[in-house]
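Take a look at the letters that make up each chain.
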Amino acid sequence: RDQQCLCTPTQRGFYLHVNLAATPERLPLGVLSAESFDRSPETFALPKRRRTQEPIEAKESFRWLSGFRLCRKLAAECPQTQIVSIADREADLYDIFLEAQQVRGDVPNVHYVLRAHEDRSTPERDLTRSRRTYHKVYDQVAASPLRTQHVLELTGTPQRSVRQALLEIRALTVTVKPPNARNDLPTITHNVILVQERDPPPEAAAVEWLLLTTLPIETTADLLRVVDHYAARWTIEVYFRTLKTGCCVEQMQLETRSRQLNCLAFYHIIAWRILYLTLQHRTCPEVPCTNVFADHEWKPVWCVVTGRPLPERPPLLGEFIPLLAQLGGYNRRGKERPPGPQPLWIGTRRMLDYSAAWTAFGPEANSRCV
């Protein structure tokens, strides 16, 4: 989950917060919800201290608690499926921790994996510093024994090239005290995992994640599953890139907000579909392409790209997706990485034109123009 941001009072528009469902293998299953909201100039001028004293329902951060509640609802409807709410540092909210602890017995199959933003305190005082100082969660986890090491392939970004990171992983079950301004709330207990990159490249920023979770951490497999779950959060970043760069939603110039939102609803489906095809090709290349493409879609692409007659059986998805991506500029060299969303969204737009021509004038057309 993530959001498009407008960061200054001079940027006017609306914000977008999306909850995206995905499998542990990062295959997107669909958009669960999309919430839009905007800010007034007065909001930017409001002092931070006043904002923190408002109830959670009046804050923009309430959307993260709403996302966890959506996961709770899904978990109750799908009791045989484990639902994990994954989010970055903006979702480090004590309200989520408290609510998860309160419903743990009623909905045991809902969990969270959140990256910490605040270095929270434990209920125990650190008398080596002062009588008013409490132990910090980060210090306790950092001082715990090394549990395991793990090699993680980091996805490339404009600021970072693709590389493999050797991670050191530590973990503890920690009790956390509520914020000072809300000391009437009860303490919560959850698991904390510290992920630190060992010997990063000199020019690169080292990976360091402090992950908060209700998932178990007893075994090495448990730890690696939590780390992999958080790494899968990158799927939402690729989704927004597809939405903004592929669908060009930031360039829409419709007259009213309602028209913008209606158009954006279609683009949510399109962006999900492109991302779904990208990941489906990598996770299930052995299934027939007809699982996701109609005959009037894959047949003209096959004829145009390969120049060969149609095969007796539909090609597999692992064979057809590179053909479709070639229409979008994918070179299909021997050692080239699988195609990403960009060549697929360009190729899909061209496929729609070929499909229309195939339906109207192809060998299976009901009528022909003379």
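Please refer to the structure higher up on the page.
What this report covers is the structure whose coordinates are included nearby. Every value quoted in this text rests on a predicted model; they were computed, and no experiment measured them.

**Concerning the sheet that holds strand E10 (residues 188–197)**
Right, on to step 1. Ordered by their spatial adjacency, six strands build an open sheet running E4-E5-E11-E10-E9-E8, and the pairing between neighbours is mixed. Lying at the two open borders of the sheet, with one neighbouring strand each, are strand E4 (83–87) and strand E8 (148–154). Sheet twist, expressed as the average angle between the axes of neighbouring strands with direction ignored, equals 25°.
Right, on to step 2. As paired strands, E4 and strand E5 (residues 110–115) are joined by five bridges and run parallel to one another. The residue of E5 that forms the bridge with Ala87 is Leu114.
Right, on to step 3. Contacts from helix H6 (residues 220–231) reach E4, E5, E8, strand E9 (163–176), E10 and strand E11 (208–213) within the one sheet, and its direction differs from that of E8 by about 20°.

**With respect to the side chain of Ser121**
Right, on to step 1. Along the chain, the position of Ser121 falls in strand E6 (residues 121–125).
Right, on to step 2. Separated by 3.1 Å, the side chains of Ser121 and Lys136 make a polar contact.
Right, on to step 3. If sequence neighbours within four positions are ignored, Ser121 has contacts with Tyr134, His135, Lys136, Thr175, Val176 and Lys177.

**Looking at unusual backbone geometry**
Right, on to step 1. One non-glycine residue, Asp199, adopts positive backbone phi at about 55°.
Right, on to step 2. We classify Asp199 as exposed; its relative accessible area is 65%.
Right, on to step 3. Of note in the backbone geometry, Cys248 takes a positive phi value of approximately 55° without being a glycine.
Right, on to step 4. In this fold, Cys248 is placed in the loop between helix H7 (234–246) and helix H8 (257–283).
Right, on to step 5. On the basis of relative accessible area, Cys248 is assigned to the partly exposed category, the value being 28%.

**Overview of the environment of Glu208**
Right, on to step 1. Summarising the element assignment, Glu208 is placed in strand E11.
Right, on to step 2. For the pair Glu208 and Glu90, spaced 118 residues apart in the sequence, the C-alpha separation amounts to 16 Å.
Right, on to step 3. Contacts of Glu208, omitting those with residues within four sequence positions, involve Arg115, Tyr138, Leu194, Val195 and Gln196.
Right, on to step 4. Of the polar contacts made by the side chain of Glu208, one reaches the side chain of Tyr138; its length is 2.6 Å.

**Examining the nonpolar core**
Right, on to step 1. Within the largest apolar cluster, 37 residues are counted, with the highest numbers of intra-cluster contacts made by Tyr239, Phe293 and Leu324.
Right, on to step 2. Taken together, the elements giving at least two residues each to this core come down to strand E2 (15–22), H7, H8, helix H9 (295–306), helix H10 (317–326) and helix H11 (341–361).
Right, on to step 3. Examining the composition of this core, we find that eight residues originate from one element, H8, more than from any other.
Right, on to step 4. When residues no more than four places from it in sequence are discounted, the contact partners of Tyr239 are Val18, Leu20, Val31, His268, Ala271, Trp272 and Leu275.
Right, on to step 5. By size, the runner-up hydrophobic cluster in this structure holds 29 residues, among which are Ala75, Phe97, Tyr112 and Val174.

**Re the environment of Pro322**
Right, on to step 1. Position of Pro322 relative to the elements: it lies in helix H10.
Right, on to step 2. A relative accessible area of 8% places Pro322 in the buried class.
Right, on to step 3. Distance in space between the C-alpha atoms of Pro322 and Thr189 is 48 Å, their sequence separation being 133 residues.
Right, on to step 4. In contact with Pro322, other than residues within four places in its own chain, are His281, Leu317, Tyr330 and Arg332.

Rules used throughout
Residues numbered from 1 in each chain as written. Predicted model: local features only at pLDDT ≥ 70, side-chain atom pairs only at ≥ 80, totals over all residues. Heavy atoms only, no water. Pairing = 2+ DSSP bridges. Helix = DSSP H or I, 4+ residues; strand = E, 2+ residues; numbered from the N terminus. Axes fitted to C-alpha atoms, helices over the stretch in contact; angles between N-to-C directions. Contact = heavy atoms within 4.5 Å. Polar contact = N/O pair within 3.5 Å; in protein donor to acceptor, adjacent residues only side chain to side chain. Buried < 20%, exposed > 50% of the residue type's maximum accessible area, 1.4 Å probe, protein only. Core = buried A, V, L, I, M, F, W, Y, C linked by side-chain atoms within 4.5 Å.

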